[in-house]
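Summary of the model geometry
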Amino acid sequence: MKILVVNAGSSSLKYQVIDGETEERLGKGLIDRIGFTGSGIKQECTDGRKFFCKKDLKNHTEAFSLLMEALLDPENGIISSMSEIKAIGHRVLHSAEDFSESVLVTPEVLRICKKNAPLGALHMPANISCIESCLELTPNTPNVAVFDTSFHLTMPKHAYMYAIKYEDYEKYQLRKYGFHGTSHRFVSGEAIKALGEKANLRIVTCHLGNGSSLAAIKDGKCIDTTMGLTPLEGLVMGTRSGDIDPAAVGYLAEKKNLTTSQVIDYLNKECGFLGLCGYSDCRDIVELYKQGDMKAQIALDLFAYRIKKYIGAYFVALGGLDCIVFTGGIGENSRFARKLIMYGLEVLGVDFDFPKNEIAEKGQFAELSKPSSSVKVLLIPTNEELVIARDSKRIVSELGL
């Protein structure tokens, strides 16, 4: 069973073809600049064959049509017929409170997704548009929606509620949702396997990249996470401020003569690492940090401090801690960032192996704690696409499609 996994952005479309039985990736591709001039596709098969094409694409329907052309290319395609694709799995940003797990796309599911689109105004329209394009161009292939937020719906009310008027929560669905759910689900599952499938394991997963979030996971279920109503809450990120006094929005609007939406845009796109030191890529900031650049040091120290603070809070929320997991672009690849985060966590029972951290292969599974550590520290590469493929296979198999 071959699964096509699709991740649609506002002007991009990333995809992979995964063998549902072996879980091997057969190929991947990227379509960018959808809706702009200069759009095109880059595709690579696992055996090294490549497909490249420049073509202006007005919308996701045209993009998906080009995707099918690339998949079926006689010389450099991934498959020989679209009938080989038994399911299309979509990363969908927001489930709101409607879907606690992945679902087969139906007209009713699409209606609910459209209702929830304002909760993810940047991503949801593209997610929905891509699903509709797939339904139009491959009407006999089942589509599955895998939500980025649904993993966090196990949070208790005291963790996801904001202290606002209760009727506003009910009327506007205003609460903490959390994001990166497929990544947190995958790496926590892998951690549970690595720790011997023990019951009631208490894990903090650290998905660190241009967007970053932590999740507190007990017995495989999320009980808290750092992102909120939107991905703006929580940690310092590439261009996002993370936690900030809500009154700062009004203050900045007055001082900078901006609207509320403009301030939110500023906090999302001009702050975080970029605002603090002028760079958004952690690799650049690490080099500047080592050279003694004061702003780079503030940026990374603040990043590490806030992660440490949340790990400490989740230690209490979980009633102890068995494992910390690093994943994501920074978590998997930046030895320096991991080192900064681990300093001072001895008080929680973490005995981090700093020398081993320095030689750990980037993007490869590794245990980074000493045998004496009561809290294991693991590096686990994330695989969100595999989660989507697994869910898609399970759902279509259960329904006999």
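The coordinates are above.
Residues numbered from 1 in each chain as written. Predicted model: local features only at pLDDT ≥ 70, side-chain atom pairs only at ≥ 80, totals over all residues. Heavy atoms only, no water.

Let's talk about the pairing of strand β2 (residues 13–19)
Rules: For every residue, the accessible area (1.4 Å probe, protein chains only) is compared with the maximum for its type, and the residue is labelled buried under 20%, exposed over 50%, or partly exposed between those bounds. Helix and strand definitions here come from DSSP, where helices need a minimum of 4 consecutive H or I residues and strands a minimum of 2 consecutive E residues; each element is numbered from the N-terminal end. By definition, two strands form a pair when at least two bridges between them are found by DSSP.
With respect to burial, β2 is a largely interior element, six of its seven residues being buried. Direction of pairing for strand β1 (residues 2–8) relative to β2: antiparallel, over a ladder of seven bridges. Bridging across to β2, V6 finds its partner in Y15. Judged from the six bridges that link them, β2 and strand β3 (residues 25–32) form a sheet pairing that is antiparallel. Its bridge partner being in β3, I18 is matched across the sheet by R25. Adjacent in sequence and paired antiparallel, β2 and β3 are bridged by five residues, among which E23 carries a positive phi angle near 65°.

Topic: the side chain of S39
Under the convention used in this document: Polar contact criterion, stated in full: a pair of N or O atoms within 3.5 Å, where within protein one must be able to donate a hydrogen and the other to accept it, and residues adjacent in sequence count only if both atoms are side-chain atoms.
You can see S39 is positioned in the loop between β3 and β4 (40–45). One polar contact links the side chain of S39 to the main-chain carbonyl oxygen of K55, over a distance of 2.6 Å.

Overview of helix α2 (residues 107–116)
Our working rule: Arc definition: it is the arc formed by the directions from the helix axis to the C-beta atoms. Note on contacts: a residue pair is in contact if any heavy atoms of the two residues lie within 4.5 Å.
Along α2, the residues that are buried comprise V109, L110, I112, C113 and N116. The arc enclosing the buried residues of α2, seen along the axis, measures out at 160°, which places them on a common side. Against the buried residues of α2 lie β7 (103–104), α3 (124–137) and β8 (143–147).

What about the state of the cysteines?
To keep things clear, this is the line we draw: Any pair of cysteine sulfurs within 2.5 Å is marked as a disulfide.
What the rule picks out here adds up to zero disulfides. Just so you know, C134 is unpaired, no disulfide at all, and the nearest cysteine sulfur is the one on C130, 4.4 Å from it. With relative accessibility at 0%, the residue C134 sits in the buried group.

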